[in-house]
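Structure at a glance
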Amino acid sequence: MASSSSQQEIVENDAFEGIAPAHQISRTPTSARLFDVFINHRGPDVKDTLALQLHKSLTDLGLKTFLDSEEMELGEAFPSTIHDAICSSSVHLAIFSKRYAESAWCLAELDLMLHTKCKIIPIFYDVSPLHLRYIEKGGYAASFAKHKDKGRYPSKLEQWQKSLHTVSFISGYEINKDNHNVEQLCKKVVSAVLKEVKKTHLLEVAKSPVGLNELVEDFERRCCLNTEESGNILGIYGMGGSGKTTLAKELYNRKRSEYKASCFLFDVREASARSEMPSLQTKLLKDLLEENCPKFGSQEEGKNYPKNRLGKRGSFLSFFLVVDDVDHPDQLGALSVKDILNTNSLAIVTTRDESVLVQAGITARYKVKEMNIMHSRQLFCWHAFDRPDPTPGYEDLVESFIKRCGGLPLSIQVIRRLVFGRNDEQYWKSTLDKVSRTLPGVIKQILRISYDTLDREEKQIFMDIACFFTGKEKSMAIRIWEGSGWRAEPSLQVLKDKCLLEEETSINYESTLRMHDHLRDLGREMADELSLPRRIWRPEHLSTLEFKKILATSKAQSLRCLNSIFDRSIGSQILYFLGNRDDIYEAALLWLELDMNWRSHTSVPLWIPLQNLQHLKITRGHFKRLWQRNLQLH
């Protein structure tokens, strides 16, 4: 893209120095704007004729097409904008005109286009491919001589000549300026573009891709993407609603054009549950082989077909495969994922359960974590106000909402729908109060998918953490669970693998248990719905009336009283009540932390049930001895 005036040419030449060589430029766009087609051309030669007509024809068909004057915004820097447009486009159109080589922009763009390995469709406008192939003798000789005489771009001229030489061998379209039919040519070019874009149609990622570039960059850095260290199969895991599929789709859009074939298999977990794996096996073959494939009657029937069929081409077929939402290694086996991969291909597997990746032998694993406060605020505001910041007067409410969402993209998108378009501050406050007490059903449904895969013991430990042990020391919790006869360590590992639990190191270097607020609320809701055992954890459980109601509906040995809430006076009344009901509650109290600033007691009160206590912590006790009777403690 060059200007016809010498003044503009100087500006172009100076600005061009900001573009790095193609081999130093990343394929990852630095903005979230994506294009289907990029038109490389010298403006004064063809913009008002061929380029504009191609742009209009492609745009009318719904393809996002980059043409400098149409897409550049006021104040945007040429290098970054053009770089992003080229790197995100699936197809590049290169229109070679007589004075094409006079433009440093055109030559630099062409070099980068080749570097991306995307499809290039050359259009030779009143020039021959031989002009590109033999620079010294062809029509571009004078242009390169002029660059050389003026000492411009000495380190780039040789590479640009190589790029022109390479493109000269690519089949394209030729048109004579004096005897041509632009309309007919446009139809042929558009038809060719549609065939290529159909192969590389972009997936819908996100309406507001806040923080997505940073997430992609972090993934590529941590997984050493594009290096030999990463291997050819990568895993993405995280809790439900964290953005695993969003990240996978963005990676798919950005990288699929680097491969000969590509395939994205959605919702593998659900397909497996509905016995629809054969349809995924067929889709895998169809997308990668680009030919009609048989429909399989069963999963077993289609299990070896991908390996046998693709194995014949595996040594040279370059493809990019995404297998989304896997919950068992057998699903990867049914698709022959590891069998069909080769050094020229890449596969990404997403799951809620890290153990699936471990069992499948996937060593390069990336965990999608919660969004930070800044990105959470921007995403919520885009969804709630169609702008990146809050409407004046709603700042504090927005902060409360994003705190409730806890950096979970799913939660932000679901909760914002409850207030979108509402300009009533009281309505916002009422909605905040409601979602603070109860999670919206859609969020619970997504989170329960992982919870429902737990066995009974794992569910009990999950509910104990939600009710009692969030932020507490792991070692103390393990002693209590082992006192209940539960296998604590294996169960904790399962919860961590399924992203239902995290561990943090406290200031005293003790390992503490942590879970997302939404998971905590889900666990507490599950505990309240469970008939046995009943857990006493809510403040209202301290009400004598509420406590007696719980007792009336619970059977012997059915309570789990594990909270430190009993240091209050009414809590001591309940403990006294428990201690005098030998037939029911001797095994109920497993963990007790008491603030016993009770000068009337010189030892632990006799009425506190200690028989099955696993953890006892007493502060401010004025004791002469711990207890006044002999106890057989286990």
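Residues numbered from 1 in each chain as written. Predicted model: local features only at pLDDT ≥ 70, side-chain atom pairs only at ≥ 80, totals over all residues. Heavy atoms only, no water.

Looking now at the sheet that holds strand S4 (residues 119-125). Within the open sheet, the five strands sit side by side as S2-S1-S3-S4-S5. Their pairing is parallel. Looking at strand neighbours, the two that pair on one side only are strand S2 (65-66) and strand S5 (173-175), the edges of this open sheet. Pairing between S4 and S5: three bridges, direction parallel. Bridge pairing links Ile-123 to Tyr-173 in S5. Relative to strand S3 (residues 91-96), helix H2 (residues 43-60) is tilted by about 160°, and along the sheet it contacts strand S1 (37-40), S2, S3 and S4. (Pairing = 2+ DSSP bridges. Helix = DSSP H or I, 4+ residues; strand = E, 2+ residues; numbered from the N terminus. Contact = heavy atoms within 4.5 Å. Axes fitted to C-alpha atoms, helices over the stretch in contact; angles between N-to-C directions.)

Let us now look at helix H27 (residues 517-529). Over its 13 residues, H27 extends 18 Å from the first C-alpha to the last, a length consistent with the 18 Å expected when each residue adds 1.5 Å. Every buried residue of H27 is accounted for by His-518, Leu-519, Asp-521, Leu-522, Gly-523, Met-526 and Ala-527. (Expected span 1.5 Å × (residues − 1). Buried < 20%, exposed > 50% of the residue type's maximum accessible area, 1.4 Å probe, protein only.)

The subject of this paragraph is the packing of aromatic side chains. In total, this model carries 20 aromatic pairs according to the counting rule given. Residues Tyr-252 and Phe-320 carry aromatic rings whose centres are separated by 5.7 Å and whose planes lie at 35° to one another, so their mutual orientation is tilted. Taken as a pair, Tyr-252 in helix H11 (residues 244-255) and Phe-320 in strand S8 (residues 319-323) lie far apart in primary sequence, 68 residues in all. Owing to a relative accessible area of 3%, Tyr-252 belongs among the buried residues under this scheme. On the basis of relative accessibility, which here comes to 0%, the residue Phe-320 falls in the buried class. Over the ring of Phe-420 we find Arg-416, and its NZ or CZ is 5.7 Å from the ring centre. Above the plane of the ring of Tyr-427 lies Arg-422, whose end atom (NZ or CZ) is 4.4 Å from the centre. (Phe/Tyr/Trp six-rings, centres within 6.5 Å; stacked < 30°, edge-to-face > 60°. Lys NZ or Arg CZ within 6 Å of the ring centre and 35° of its normal.)

Attention now moves to the sheet that holds strand S7 (residues 261-265). The five strands are arranged S7-S8-S9-S6-S10 in an open sheet whose pairing can be described as parallel. Unpaired on one side and paired on the other, S7 and strand S10 (364-367) mark the two borders of the sheet. The sheet shows a mean angle of 15° between the axes of neighbouring strands, direction not considered. Looking at chain direction, S8 and strand S9 (residues 346-351) are connected through four bridges and run parallel. Following the sheet pairing, Val-322 is matched in S9 by Ile-348. This element, helix H10 (residues 212-222), spans strand S6 (233-237), S9 and S10 of the sheet and lies at about 150° to S10.

On to empty space enclosed by the protein, then. Summed over the entire model, instances satisfying the criterion amount to three cavities of 30 Å³ or more. Taken as a whole, the largest cavity encloses approximately 120 Å³ of empty space. Lining the largest cavity are 17 residues, and of these Met-239, Lys-367, Glu-370, Cys-499 and Glu-502 sit closest to its centre. Residues of the lining of the largest cavity, tallied by class, amount to nine nonpolar, three polar and five charged. (1 Å grid on protein atoms, 1.4 Å probe; cavity = no way out; pocket = protein on both sides within 12 Å on 5 of 7 lines; lining within 4 Å. Points joined across faces, edges and corners; volume = space filled by probe spheres on them. Nonpolar A, V, L, I, M, F, W, Y, C, P; charged D, E, K, R; others polar.)

Another point: unusual backbone geometry. In this model, Ser-336 sits at a positive phi of 55°, which is unusual for a non-glycine residue. When you line up the elements, Ser-336 lands in the loop between helix H16 (329-334) and helix H17 (337-340). Look at Ser-336 and you get buried, because its relative accessible area is 2%. One non-glycine residue, Cys-499, adopts positive backbone phi at about 60°. Structurally, Cys-499 can be placed in the loop between helix H26 (488-497) and strand S11 (502-505). Exposure remark for Cys-499: the relative accessible area of 6% places this residue in the buried category.

Mean pLDDT over the chain works out to 79, with 73% of the residues at or above the 70 mark. Within the model, the stretch residues 1-33 combines pLDDT values under 50 with 87 contacts to residues more than four positions away or in other chains. Below pLDDT 50 for its whole length, residues 70-77 participates in 14 contacts with residues either more than four positions away or in separate chains. (pLDDT = per-residue confidence, 0-100.)

This next bit is on the pattern of salt bridges. Under the criterion given, the structure shown has 32 salt bridges. Across the salt bridge formed by Asp-126 and Lys-98, the nearest N and O atoms sit 3.3 Å from each other. Pair noted here: Asp-126 is in the loop between S4 and helix H6 (129-133) and Lys-98 is in the loop between S3 and helix H5 (104-116), with a separation of 28 residues, a long-range link. For Lys-444, the salt bridge is made with Glu-525, and the minimal N-O distance between the two is 3.0 Å. Placement of Lys-444 in helix H23 (residues 441-451) and of Glu-525 in helix H27 is noted, with a sequence separation of 81 residues between them. Taking the relative accessible area as the measure of exposure, Glu-525 reaches 21% and is therefore partly exposed. Taken together, the shared-partner salt bridges in this structure form one network comprising Arg-269, Glu-270, Arg-274, Glu-276, Asp-325 and Arg-352. (Salt bridge = Lys/Arg side-chain N within 4 Å of Asp/Glu carboxyl O.)

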